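Now for the letters of each chain:
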Amino acid sequence: MRAIVHTGAGSTEVLALRDVPTPEPSPRQLRVRVHAAGLNRADILQRRGHYQAPAGWPAEIPGMEYAGEIDSLGSGVTRWKQGERVMGLVGGGAHAEYVVVHEDEALPVPPALSWTDAAAIPEAFLTAYDALTVRGRLRSGERVLIHAVASGLGTAAIQLAKESGALVLGSSRTPAKLEAIRGLGLDQPIDTSVLGFREQLTAPVDLILDVLGGPAFPDNLAVLAPRGRLVLLGFLQGGRAPELTLDQILRKRLEIIGSVMRTRGSEERAALVADFRTRVLPLFGPHVPTAEPLRSADRPERRAGTLRPVVHAVFSMSEIAAAHRAMERNEGIGKLVLTW
């Protein structure tokens, strides 16, 4: 099979499209013929040598999310049939023509979705759902602040937060991006190119989804309401926080919650996938049985077709270097997707 491989660590010159052995499914695994795959910040970090694939996943083939059709079944598979359309998260290896996954970690692709749309869902929406609902315990009427709100994760989080009945605030350094995503449900855009988000907030927030990291940490603590929650998902601006005092964490009874998807074990990923399949997947279209509300029955107007992935650009796998450079320029809104 063909696959994107790393020939070393460094610039986009280390990316190559090569022939490698096709993987065979083990018991309870699916082999998926990949039609499209998302590109993520973790792929950039891995290429640079800063974020290796977890044990058990291909070390030289990047890619953390896929959409494709089942090509072969391992022994003991009971939930799927050959030819069915699936999507999902993996620890690595998705930037290849074939990838093997555990049957409990795959999600069905609603028939109305294209391959590119399906490939833009797993990392962004599973991460956002886990951060908002599972880890962050977002409730109707609360105020949530989403940093880097125009990213793939951010555009997914806006939609899921609105589905939970929250007031959504979002920060970005690019005013044009903020204006472009208001239709997704962003209630208060925060342009941090002119003034810090702390100075622009007129009331505390109950939950923060943060990918900025260290430099934003003191201001995040300052704007959280009593008993607020900060879910830390990354540190694009660095992993070290300025000097700060910790008394407000105690005084306001704050929760600092770290979360990463890639290194989770199979059982934890499978549990999240099962929850997501029931509660969220039906909102992408009318082809999956009706789900229960994300939090409670206080949102009776929920309907299929509410959610949609935001795809900024699509590249062929042969254009992998250009796709990496596009992500590094940080110009887009939503996801970058690769196709075969």
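Residues numbered from 1 in each chain as written. Predicted model: local features only at pLDDT ≥ 70, side-chain atom pairs only at ≥ 80, totals over all residues. Heavy atoms only, no water.

Asker: Account for helix α9 (residues 266-279), with residues named and values stated.
Answerer: Taking 1.5 Å per residue, 14 residues should reach 20 Å; α9 reaches 20 Å between its end C-alpha atoms and fits that length. Among all positions in α9, only Arg269, Ala270, Leu272, Val273, Phe276 and Arg279 are buried. In the core, the buried residues of α9 are packed alongside β7 (106-108) and α3 (122-135). (Helix = DSSP H or I, 4+ residues; strand = E, 2+ residues; numbered from the N terminus. Expected span 1.5 Å × (residues − 1). Buried < 20%, exposed > 50% of the residue type's maximum accessible area, 1.4 Å probe, protein only. Contact = heavy atoms within 4.5 Å.)

Asker: Can you tell me about the pairing of strand β3 (residues 29-39), naming the residues and giving the values?
Answerer: When you tally the buried positions in β3, you get 9 out of 11 residues, the bulk of the element. Here β3 runs beside strand β6 (residues 98-102); their pairing, made up of 5 bridges, is antiparallel. Bridge pairing in β6 places Val32 opposite Val99. With 7 bridges connecting them, β3 and strand β4 (residues 65-73) associate as antiparallel partners. The residue of β4 that forms the bridge with Ala37 is Tyr66. In this sheet, strand β15 (residues 335-339) lies alongside β3 in antiparallel orientation, the contact comprising 4 bridges. Note on β15: the bridge partner recorded for Leu39 is Leu336. (Pairing = 2+ DSSP bridges.)

Asker: Requested: an account of the packing of aromatic side chains, with residues and values cited.
Answerer: Within this structure, the stated rule accounts for 2 aromatic pairs. Ring geometry for Phe125 against Phe284: centres 4.9 Å apart, planes inclined by 80 degrees, an arrangement best described as edge-to-face. Here Phe125 is found in helix α3, whereas its partner Phe284 is found in the loop between α9 and β14 (311-316), with 159 residues between them in sequence. For the residue pair Phe125 and Phe284, the accessibility class agrees, reading buried in each case. (Phe/Tyr/Trp six-rings, centres within 6.5 Å; stacked < 30°, edge-to-face > 60°.)

Asker: Which residues make up unusual backbone geometry, and what values do they have?
Answerer: In this structure, Arg28 takes a positive phi of about 65 degrees despite not being glycine. Position of Arg28 among the secondary structure elements: in the loop between β2 (15-19) and β3. Its relative accessible area of 34% is what places Arg28 among the partly exposed residues. The backbone of Asn330 shows a phi angle near 60 degrees, a positive value even though the residue is not glycine.

Asker: Go over the side chain of Glu142, please, and point to the residues and values.
Answerer: In this structure, Glu142 sits in the loop between α3 and β8 (143-146). Overall, the relative accessible area of 8% leaves Glu142 in the buried class. Polar side-chain contacts of Glu142 include one of 2.8 Å to the side chain of Arg229. The contact partners of Glu142, leaving out residues within four places of it in the chain, are Arg137, Ala166, Leu167, Asp206 and Arg229. (Polar contact = N/O pair within 3.5 Å; in protein donor to acceptor, adjacent residues only side chain to side chain.)

Asker: I'd like a description of the pairing of β4, backed by residues and values.
Answerer: As paired elements, β4 and strand β5 (residues 85-89) share 5 bridges and run antiparallel to each other. Bridge pairing in β5 places Tyr66 opposite Gly88.

Asker: Got a sec to walk through the sheet that holds strand β11 (residues 205-210)? Specific residues and values, please.
Answerer: Spatially, the 6 strands line up as an open sheet ordered β10-β9-β8-β11-β12-β13, and their pairing is parallel. A single partner strand is all that each edge strand has here, and the edge strands are β10 (188-191) and β13 (255-258). Between one strand and the next, the sheet's axes are offset by a mean angle of 15 degrees, whatever the strand orientation. Sheet topology note: the strand β12 (residues 224-232)/β13 ladder contains 4 bridges and is parallel. By the bridge assignment, Val231 is partnered in β13 with Ile257. Each of β8, β11, β12 and β13 is contacted by α3, which is oriented at about 150 degrees to β11, the strand it contacts most. Lying on the sheet, helix α4 (residues 152-163) is in contact with β8, β9 (167-172) and β11; it crosses β8 at an angle near 175 degrees. (Axes fitted to C-alpha atoms, helices over the stretch in contact; angles between N-to-C directions.)

Asker: Which residues make up the nonpolar core, and what are the values?
Answerer: In this structure, Phe125, Leu132, Val144, Leu145, Phe276 and Phe284 are the most contacted members of the largest nonpolar core, which totals 68 residues. Here this core takes 7 residues from α3, the largest share from any one element. With near-sequence residues (within four places) excluded, Val144 lies in contact with Leu132, Leu138, Ala161, Ala166, Leu167, Val168, Leu169 and Leu207. Listed in part, the 27 residues of the second largest apolar core include Leu30, Ile70, Val99 and Leu338. (Core = buried A, V, L, I, M, F, W, Y, C linked by side-chain atoms within 4.5 Å.)

Asker: With reference to specific residues and values, describe the pattern of salt bridges.
Answerer: Per the stated rule, a full pass over the model turns up 21 salt bridges. With its nearest N and O atoms 2.8 Å apart, the salt bridge here joins Glu142 to Arg229. In this pair, Glu142 sits in the loop between α3 and β8 while Arg229 sits in strand β12, placing the two residues 87 residues apart along the sequence. Take Arg229: its relative accessible area is 2%, and that puts it in the buried class. In this structure, the salt-bridge partner of Asp275 is Arg279, at a minimum N-O distance of 2.8 Å. Of this pair, Asp275 and Arg279 both sit in helix α9, separated by 4 residues, roughly a single helical turn. On the accessibility criterion, Asp275 (24% relative accessible area) is partly exposed. Beyond isolated ion pairs, a larger network of salt bridges with shared partners links Arg28, Arg79, Glu103 and Asp104. (Salt bridge = Lys/Arg side-chain N within 4 Å of Asp/Glu carboxyl O.)

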